[in-house]
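So you can see what is in the structure, the chains are spelled out below.
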Amino acid sequence: MTKIHIIPHTHWDREWYKTFQYFRVKLVYAIDKLLEILESGDSFENFMLDGQSIVLDDYLQVKPENFQRIRSLVQARRLIIGPWYIQPDEFAPDGESLIRNLMLGIDISRKFGEPMMVGYLPDSFGQSGQLPHILKGFGINSAVVMRGIDAEKIKQSEFTWEGTNGDEVLGIYLPEGYSNAMHLPEDYSKARIRLACMIRKMRKWSSTKNILILNGVDHQFPQEYLAGHINKLNTKNKRTTYIFSTLEEYIKDIIKSNPMLPRLKGDLLAPTRNRVHSSIASTRIYQKQKNRRMEALLEKYVEPIAAIGWLLNAEYPTGLINQAWKLLIQNQTHDGICGCCTDEVHCEMDQRFVDVKNIGETLQNAYARAISRRISTERLTLTVFNNALTQGRQLVTASIFTTDKDFILRDPGGNSIPYQIDHIEEVDLSQFSIWTLYLNQKEEAYQIDISFYVDFDFNLGYKVFEISEREPIQEFEEGITVSSNTLENKFTRLEINRNGSLTLFDKTTGITYPEMHIFEDCGDAGDTYNYSPAKNDTVITSQDVEAEINIGSDGPLKATAMIKLEMEVPISLTNQDQERSAELVTLPVTSCVTMHADLRRIDFVTQVNNTALDHRLRVLFPAGMMTEYSYAETQFGTVRRDNKLDTKDWEKQKWSEKPLPIYSQQKFVDLNNGKQGLAVLNRGLPEYEIYNNSTIAITLVRSVGMMGKSNLLIRPGRPSGISIPTPDAQCSGLQTLEYSILPHAGNVTEGNIPKAAVEYDTSPLAVQSHLEFKNILKKYKMMTGLVSYENLTLHIHDQLDQPGNVDFKVLTVSNENLLISAVKKAEKENALIIRLYNASGTPVEHVALNFGINIKAGYLTNFNEEGSEPLEKSNSKTYLLPSVKGFSAITAKFVLE
């Protein structure tokens, strides 16, 4: 017998073409009505709240008195909630963000009852190949998806989705969308005809006798007459059963039917029946950068430093950290972080990023300063935290506050550490604190910004250096040779050409890379969802521009060249966006190129004063080889992608948009042929394309002025979203972009690119133990307790055990292919959580975790910190991990003695 699973639901975009508060007003009325319907009797059996729990938080902030009503309905399995906190984009957030999204969603759901354990992703713009791994890490074994499915390949709605790392989930494809029975008429006869038509369509896709009918769409209120329709349908059909259903029940029936399942692997990005909007990776690039900075702030600074403080007996700020995570994840919705909302919505997102930054940096600074101050208040010291959580040499930048310009930096062994002075200025320390700025007593000092190298022989912890004043600065051996247009270290020779491009010679491989760092500007007739070329485009490059070149600094540890150029580009599109205007405007581009004495990478900070409209600016890096594939970082791994796509029949086959080889990345993209390669690392620049199988193109700025447009060259038909102006999406004004290049031998793993990308993204934090207020204390002896300008720091400081004056090596991992994505206190117990992932594609065996603290017991858990599979240990401080397969993350929990 055929079973028709009817699931009433709503798809709730928290913000999109209207603001959050606009949609919250509608949400309050929608849930009010839903509660009335569900409580009026059992005939309307259940309702699904879009697979996300944030709607309950948003509703209960307005009507907290209805908590128990909702809880009763959830426990009765009549109101279906979770497992997500918000419906995410799957490519902009990193793996840790997606895990926290599910952790928050499940935790909130369990305050009411049990969440729906289905990976419901009805509208994400394509599916990340690591979603099966992340879902399986929570015990979720199915995914319900719409966009990105190669429908012609599977030809049915049920399939096996094999993730990038090999994990598998049952995939449910929605060929007619998540709204195949939206807005059913109240008139039964009309509703029956609509349903019959849709059921006929869905039968063609179903491999079993179970048909999925979704009665809902964006912001749809519950339709209370649906129960009556179902009752009438059942009285008139003997071979078909119509039921109020849930996704969990539907999936259970699919599994019971045991159909033959086709297989899809990895990322799902085919725009055969639904748009995937690949170019959203570069829309409103400034928010992509903010997102990455805030992820790094929480994951690599706040949580590890607070965890070290907790290990030293300070309170761990779980509530504040989770509040910051909530605000950040609220910005990672599939409309929000993609950049395709109204300008007003994105202004509100900007404020959330500010809120995350303020919470995060306040916690980071308070805990770091407290730890540093606890180490020493009599001697000036500098505490350097290993925030990349990797081993090896890293460059540290620090601000030293002293009364003398001359000082020596010494490690605990008394060895003098070479450093380079980047900047010196005179400051008045009395202005640093609200308690001292009114005392009318200056406290003059120097702020000296320095750079130096630190060799970390551990992953988690810190090193301590003493600042010895009134000693002459020692001379150190120069590590970089500088001439008028050439920078050279032991790894690389970099020649700056007249047009500002670079010729790079890699001494390790003997390969020369000419014409690196050319800028390319083209028209963009698309919208916030899609790049689309102008029909008669004009492409401008910096190839023939004469640049101004200056060497800004040439110290012993690093040298910086300033390259200024001006490109003349069309000011906008014209002729109904068919071509670029004849009127030109100057597009100033300034790049600071930095070579390091002891690092292989070359760093860039490029500032673009974006004076043009409707265009796309990219920077090009020829890789010196031909290859058919690129390799880019995805969540917890690396994905291989085709540089070219077969697009010749896309219009004939009536695909929803032209598939373009424009891809998302996390922190790097790499071209290699197995023998040599070139990686481009980035800080929040998630879009790339490969030209001619040989050149990496990184999008720096994409300027568009409409949320949605109709009939684009690459996307025929209706607009995505709605056709409203979004002038802020033009990204006008000064834009600052950061990226780095790293030539290497071998493939991605042999070149150690994932580790290098983490270290570029996350530099060590250096904190001085204290500021010296000699003049103030001499004049105002009673001010002794007020000269510490952060009472929060003192509060945490007083909780800390005495950590000693030496390096604190909390954790050392024995294999460099295992990178750390999370260090935190467990959510529900007094235990330390360490999440590691295998950045290589092959299994990692026999990895030891060596602790600098005594551990009572160690366990493997799932991503939700549940389960306790004991870890083997060789002593109280060393635990052994089981085999970790390629591109996979594991979570370990350690109970302290």
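First, a word on what this report is: a plain description of the structure on this page. (Residues numbered from 1 in each chain as written. Predicted model: local features only at pLDDT ≥ 70, side-chain atom pairs only at ≥ 80, totals over all residues. Heavy atoms only, no water.)

### Overview of the overall build of the protein
The secondary structure content of the protein amounts to 15 helices and 48 strands. Taken against the 2.2 N^0.38 rule, which gives 29 Å for 897 residues, the C-alpha radius of gyration of the protein at 29 Å falls within 12% of a compact globule. For the protein, buried positions account for 62% of its 897 residues. Nonlocal contacts in the protein, meaning residues at least 24 apart in sequence, comprise 76% of its contacts between residues at least 6 apart. Put simply, the protein shows about 33400 Å² of open surface, and 48% of that area lies on carbon and sulfur atoms. (Helix = DSSP H or I, 4+ residues; strand = E, 2+ residues; numbered from the N terminus. Rg over C-alpha atoms; globule rule 2.2 N^0.38 Å. Buried < 20%, exposed > 50% of the residue type's maximum accessible area, 1.4 Å probe, protein only. Contact = heavy atoms within 4.5 Å. Areas by Shrake-Rupley, 256 points an atom, 1.4 Å probe, with all protein chains shown as cover.)

### Topic: the layout of surface pockets
Estimated volume of the second largest pocket: approximately 940 Å³. In terms of lining residues, the second largest pocket is bounded by 34 residues, among which Lys265, Asp267, Leu268, Leu269 and Asp642 are the most central. Broken down by secondary-structure element, the contributors of at least two residues to the lining of the second largest pocket are strand E10 (263–265) and strand E32 (637–642). Its residues placed into classes, the lining of the second largest pocket shows 15 nonpolar, eight polar and eleven charged. (1 Å grid on protein atoms, 1.4 Å probe; cavity = no way out; pocket = protein on both sides within 12 Å on 5 of 7 lines; lining within 4 Å. Points joined across faces, edges and corners; volume = space filled by probe spheres on them. Nonpolar A, V, L, I, M, F, W, Y, C, P; charged D, E, K, R; others polar.)

### Focus on the sheet that holds strand E7 (residues 168–173)
In spatial order, the strands read E4-E5-E7-E6-E10; together these five strands make up an open sheet with mixed pairing. Among the strands making up the open sheet, the edge pair consists of strand E4 (119–121) and E10. Pairs of neighbouring strands in the sheet enclose a mean axial angle of 30°, with direction left out of account. Examined bridge by bridge, strand E5 (residues 142–145) and E7 share four bridges and lie parallel to one another. Paired with Val145 across the strands is Tyr173, a residue of E7. Relative to the sheet, helix H9 (residues 247–257) contacts E4, E5, strand E6 (158–162) and E7, its axis offset from that of E7 by approximately 110°. (Pairing = 2+ DSSP bridges. Axes fitted to C-alpha atoms, helices over the stretch in contact; angles between N-to-C directions.)

### Concerning empty space enclosed by the protein
As enumerated under the stated definition, the model contains nine cavities of 30 Å³ or more in all. In this structure, the largest cavity is lined by 17 residues; those nearest its centre are Phe91, Ser278, Ile280, Ala281 and Ser664. The residue inventory of the lining of the largest cavity, partitioned by class, reads eleven nonpolar, three polar and three charged. By volume, the second largest cavity is sized at about 140 Å³. Around the second largest cavity sit 16 residues that line it, and Asp94, Glu299, Lys667, Ser821 and Tyr837 are the ones nearest its centre.

### Topic: helix H10 (residues 285–311)
With 27 residues, H10 should reach 39 Å at 1.5 Å per residue; the first-to-last C-alpha distance of 38 Å fits that figure. The largest bend in H10 amounts to roughly 30° and is located at Leu297. Taken across its 27 residues, H10 has 25 buried, putting it largely inside the fold. Taken from the residues just after H10, Asn313 is the one with a positive phi, measuring 95°. (Expected span 1.5 Å × (residues − 1). Bend = angle between axes of the 7 residues up to and from the residue.)

### Description of the pattern of salt bridges
Going through the model one piece at a time under the given rule, you end up with 53 salt bridges. Here Arg77 ties to Glu248 by a salt bridge, and the two come within 2.6 Å at their closest N and O atoms. With Arg77 in the loop between helix H3 (67–75) and strand E3 (79–80) and Glu248 in helix H9, the pair connects residues that are 171 residues apart, well separated along the chain. For Arg77, a relative accessible area of 31% puts it in the partly exposed group. Exposure remark for Glu248: the relative accessible area of 26% places this residue in the partly exposed category. Linked by salt bridges that have partners in common, Asp94, Arg292, Glu295 and Asp761 make up one network. (Salt bridge = Lys/Arg side-chain N within 4 Å of Asp/Glu carboxyl O.)

### Observations concerning unusual backbone geometry
Here the amide bond leading from Gly82 into Pro83 is cis, since omega sits at 10°, within 30 degrees of zero. Tracing the sequence through the fold places Pro83 in the loop between E3 and helix H4 (95–110). Even without glycine at this site, Asp50 takes up a positive phi of about 65°. Mapped onto the fold, Asp50 is located in the loop between strand E2 (47–48) and helix H2 (54–62). Asp50 gets classed as buried once you look at its relative accessible area, which sits at 0%. Non-glycine residue Asn313 carries a positive phi angle of around 95°. With respect to the element layout, Asn313 can be found in the loop between H10 and helix H11 (318–330).

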